[in-house]
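Listed below, chain by chain, are the residues.
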Amino acid sequence: MNTHNPNDFRYRDRRSDDTQMRYERVPMAVRTLSSNTLFQGEHEIGIEHHGALYRLKITRQGKLILNK
């Protein structure tokens, strides 16, 4: 089940040039890692999460797949 919503934005207040307060939907900052940093030349890594082992793989097409 995919619970990530790419349209999940939080409201932040912004001031425009005329100093009126307005609210915009802007993405929150997300910590980002390069896949090269994670995989270090391998095609599969293990991720332990709450006692379960997940496997993150790079496919032949260069996509990522996460399996439990």
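Residues numbered from 1 in each chain as written. Predicted model: local features only at pLDDT ≥ 70, side-chain atom pairs only at ≥ 80, totals over all residues. Heavy atoms only, no water.

Engineer: Looking at this structure, I do not really get the environment of arginine 55. What am I missing?
Structural biologist: With respect to the helices, strands and loops of the structure, arginine 55 is situated in strand E4 (residues 52-58). Note: C-alpha distance between arginine 55 and isoleucine 65 (ten residues apart in sequence) is 8.0 Å. Those residues in contact with arginine 55 that sit more than four places away from it in its chain are Glu44, Ile45, Ile65, Leu66 and Asn67. Within the local environment of arginine 55, its side chain forms a polar contact with the side chain of glutamate 44, the two groups lying 3.3 Å apart. (Helix = DSSP H or I, 4+ residues; strand = E, 2+ residues; numbered from the N terminus. Contact = heavy atoms within 4.5 Å. Polar contact = N/O pair within 3.5 Å; in protein donor to acceptor, adjacent residues only side chain to side chain.)

Engineer: Would you mind showing me how to read the layout of surface pockets here?
Structural biologist: In this approach a probe as big as a water molecule rolls over the atoms, and the regions it shows empty are the leftover space. When its volume is computed, the largest pocket comes out at roughly 210 Å³. For the largest pocket, the full set of lining residues is Ile47, His49, Tyr54, Leu56 and Leu66. Of all the secondary-structure elements, those providing two or more residues to the lining of the largest pocket are strand E3 (44-49) and E4. The residue makeup of the lining of the largest pocket, split by class, is four nonpolar, one polar and no charged. (1 Å grid on protein atoms, 1.4 Å probe; cavity = no way out; pocket = protein on both sides within 12 Å on 5 of 7 lines; lining within 4 Å. Points joined across faces, edges and corners; volume = space filled by probe spheres on them. Nonpolar A, V, L, I, M, F, W, Y, C, P; charged D, E, K, R; others polar.)

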